[in-house]
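Residue strings, one per chain:
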Amino acid sequence: MTYTAVTLCFLTREVAGTPQVLLGTKKTGFGMGKIVGLGGHVEPGETDEEAACREVQEEAAVVVLETDLRDAGVVVFDFPARPEWNMSTRLFVAERWDGEPTESVEIAPEWFDVGSLPVERMWQDAAHWLPMALDGFLLRLTVVLNDDNETVREVLDFSTR
Ligand SMILES: Nc1[nH]c(=O)nc2c1ncn2[C@H]1C[C@H](O)[C@@H](COP(=O)(O)OP(=O)(O)OP(=O)(O)O)O1
């Protein structure tokens, strides 16, 4: 079974003491119409960190330095009914970056309060893992999707603080 290597990079900030995270509406490709994290495929020869920084720049015109990435672990998305969609997703969180998030052809970025994530417009599994990633956990988690490729069959969680 092959799992495509992808990354997600969550920029965070505090506004008047309220933690916020940068997500965005996916305008093209996989998950179109959903609110997702910034990120995408790791290209051959690239490290996960290089891919995360490149994707954030491509999708939202924001510059993140690799040294400002916090490793938040790995989430595997397992689609038994569509194994060609299986992904191994390296997660990063960054509190420092340069530039104002700007809409691209792929993503319309938007800040959300961490305490009220737009879970009804995200992949249904996001509620199982995104709060943990933002809360400092190192994720070691597998999400198994149902045959509808939307709802969650099972979450296998071996994450640590
Ligand atoms: N179940 C799931 N829940 C979730 O929150 N994100 C998921 C997910 N399954 C996949 N993803 C994310 C991980 C990855 O960042 C993204 C798919 O990668 P891309 O955005 O690169 O896809 P595209 O089809 O747009 O590819 P490109 O043609 O390379 O832009 O979807």
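Up top you'll find the structure we're talking about.
To start, this report covers the structure provided alongside it. Since the model is a prediction, treat every value here as computed from it, not as a measurement.

Rules used throughout
For every chain, the first residue of the written sequence is number 1, and numbering continues from 1 along that sequence. Reporting of local features is limited, given that this is a predicted model, to residues whose pLDDT is at least 70; pairs of side-chain atoms are given and counted only at 80 or more, and all residues count toward the totals for whole chains, interfaces and linings. The basis for every side-chain value is the complete set of non-hydrogen atoms in the structure, without hydrogens or water. Numbering goes from the N terminus for both helices and strands, where a helix is a DSSP run of H or I of at least four residues and a strand is a run of E of at least two. Computation of the radius of gyration draws on C-alpha atoms alone. For the globule rule, the value is 2.2 Å times the number of residues to the power 0.38. Burial classes: relative accessible area under 20% of the type maximum marks a residue as buried, over 50% as exposed, and values in between as partly exposed (1.4 Å probe, protein chains only). Contacts are assigned to residue pairs that have any heavy atoms within 4.5 Å of one another. Consider each residue's heavy atoms; a residue with any of them within 4 Å of a molecule or strand counts as near. Counted as a polar contact is a pair of N or O atoms within 3.5 Å, where, for protein atoms, one must be capable of donating a hydrogen and the other of accepting one, and residues adjacent in sequence contribute only when both atoms are in side chains. With residues, only the protein chains shown are counted as cover, and all accessible areas are computed by Shrake-Rupley using a 1.4 Å probe.

### Considering the overall build of the protein chain
Within the protein chain one finds 2 helices and 9 strands. Going from N to C terminus, the protein chain has its helices and strands arranged as β-β-β-β-α-β-β-β-α-β-β. The C-alpha atoms of the protein chain give a radius of gyration of 15 Å, which matches the 15 Å a tight globule of 161 residues would have. Every one of the 161 residues in the protein chain was classed for burial, and the buried ones make up 47%. Residue pairs at least 24 apart in sequence account for 64% of intrachain contacts in the protein chain once pairs closer than 6 positions are excluded.

### A closer look at helix α2 (residues 126-134)
Buried within α2 are the following residues: Ala126, Trp129, Leu130, Met132, Ala133 and Leu134. Buried residues along α2 sit against β1 (4-15), β2 (18-26), β5 (69-78), β6 (87-94), β8 (139-145) and β9 (152-157). Note on α2: the residue one or two positions beyond its end, glycine 136, has a positive phi of about 95°.

### Re the environment of proline 19
Among the secondary structure elements, proline 19 is positioned in strand β2. The exposure class assigned to proline 19 is partly exposed, which follows from its relative accessible area of 39%. Linking proline 19 and aspartate 113, residues 94 residues apart in sequence, is a C-alpha distance of 5.9 Å. Setting aside residues no more than four positions away along its own chain, proline 19 makes contact with Arg13, Glu14, Phe112, Asp113 and Val114.

### What to know about the site of the ligand
What surrounds the ligand is a group of 16 residues, the closest being Lys26, Phe30, His41, Trp123 and Asp125. Phenylalanine 30 is positioned with one of its backbone polar atoms (N or O) 3.0 Å from an oxygen atom of the ligand. A distance of 2.8 Å separates a nitrogen atom of the ligand from a polar side-chain atom of aspartate 125. Burial of the ligand by the protein chains amounts to 81% of its free accessible area of 640 Å². For the shell around the ligand, the elements supplying multiple residues, two or more each, are β1 and β4 (38-41).

### Description of unusual backbone geometry
The phi angle at alanine 61 is positive, at roughly 60°, despite the residue not being glycine. Relative to the helices and strands, alanine 61 resides in the loop between α1 (48-60) and β5. Its relative accessible area of 45% is what places alanine 61 among the partly exposed residues.

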